[in-house]
Amino acid sequence: MGAPLRLLLTTDTVGGVWQYSIDLAGALADHGVETVLVQLGPAPSDTQRAEAQAIAGVTFLETGLPLDWLSDGPAPVLAAGAEIGRLARLHGVDLVQLNMPTLAASAEPGVPVLAVTHGCVSTWWQHGRPGMALDPGFVWHRALTEQGLRTADQVVAPSAGYAEVVRDFYNLPVLPTVVHNGRAPLVTPRHEPAQDCVLTVGRLWDSVKGAELLDAVAAQLSVPFHAAGAATGPHGETVRLENLHLLGQLDSAALAKHLAARPIFVSAACFEPFGLAVLEAAAAGCALVLADIPVFRELWEGAALFVPPRDAAAYHAAIEQLIGDLALRHCLGDAAAERARRYTPARMADAMLPLYRQLVAERAPAGKVAA
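J.: What's the story with the sheet that holds strand β10 (residues 245–248) in this structure? I'm lost.
T.: Whenever strands of a sheet pair, they do so through backbone hydrogen bonds, lying parallel or antiparallel. Sheet architecture is open: 6 strands sit in the order β10-β9-β8-β11-β12-β13, paired in parallel fashion. Two strands bound the open sheet, and with one partner strand each, they are β10 and β13 (305–307). Across this sheet, the average inter-strand angle for adjacent strands is 25°, counted without regard to direction. The pairing of strand β9 (residues 225–228) with β10 spans 3 bridges and is parallel. Bridge pairing links A227 to L246 in β10.

J.: Just checking my understanding: could you explain the environment of A284 for this structure?
T.: With respect to the helices and strands, A284 occurs in the loop between α9 (276–283) and β12 (288–291). Along the chain, A284 and G333 lie 49 residues apart, while their C-alpha atoms are 8.1 Å from each other. Here A284 is in contact with V187, P189, L259 and R262, once residues within four sequence places are set aside.

J.: Teacher, can you tell me more about unusual backbone geometry here?
T.: A negative phi holds for most residues other than glycine; trans holds for most peptide bonds. In this structure, N171 takes a positive phi of about 50° despite not being glycine. Among the residues examined, N171 registers a relative accessible area of 59% and is labelled exposed. Positive phi values are uncommon outside glycine, yet R262 reaches one of about 50°. With respect to the helices and strands, R262 occurs in the loop between α8 (252–259) and β11 (264–267). The class of R262 is buried, set by a relative accessible area of 7%.

Calculation criteria
Residues numbered from 1 in each chain as written. Predicted model: local features only at pLDDT ≥ 70, side-chain atom pairs only at ≥ 80, totals over all residues. Heavy atoms only, no water. Pairing = 2+ DSSP bridges. Helix = DSSP H or I, 4+ residues; strand = E, 2+ residues; numbered from the N terminus. Axes fitted to C-alpha atoms, helices over the stretch in contact; angles between N-to-C directions. Contact = heavy atoms within 4.5 Å. Buried < 20%, exposed > 50% of the residue type's maximum accessible area, 1.4 Å probe, protein only.

Shown next, in the form of structure tokens:
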């Protein structure tokens, strides 16, 4: 048996990529994989730092290198990619996984590069601003994303629906490989009566998440409607919400307390590459009311109520139906919890490992393949 596989994995502290990276690194550690976890963007919190440092075999590097979607042009991102390549060579890794594909355009680490596309400005724009040309300020980002996707040795997407979006938008020669995201349950589903309340979680300022629509729904409901997440974005984006009960940004422990009450969970996102918040709610046994978009159908068909993405009346009707029908609510909650067992960190790692090993084997000299 050869030496343990050594992976450089990029992450950031702003969104779902952090949780994805922590869960993946932890599950890979169970297979003996050593991970150099490279943080980009704003500094981690003390809690995040402790999470990373608690994983066996993880070397955590805080770099502060820029995130592409917070950059004004390509130069800082190209420099960040070059620095990632230098770190890969310095730490003697076998391969690199970039959770920001633009970095692949300039990384040149001397080992295979796998890029995971969790979402990008251009595909977001396509769905969030339908019919409108991409803002000229993001044209460079589109070009660099396409270059990175084509430069990487392999591209992975978290859902088949989003893989098709990426292939078609960037005219890629090969469909990205699909590896569903995984998340460990925050709470264990209970059989006590669920509370009559509603919850949504996500970037409330992000127009594709539908917070304004849900705010209108909340005004008509007979029960409280809570919303967790930021109402102000990094570029000053804001959303005015008058009827949702805003909880702010919650860490995992605080979110778990809300999910333990098994509220009806709603996502009105008209665009979603995967949706970790939905998975967290499903694993807790919450009944799901979801926008009828391809990715949610792929992941939750038969385990949720689906409504047209921009139809406030349909969301109101679906929520009120579940409030008035506890048997249906419990049935959907149980179905969601059962479906969530498909999307675990262990399964995610089991799907990623063969991809890693194949890439390393294709590049490595004879007799020098990592375990």
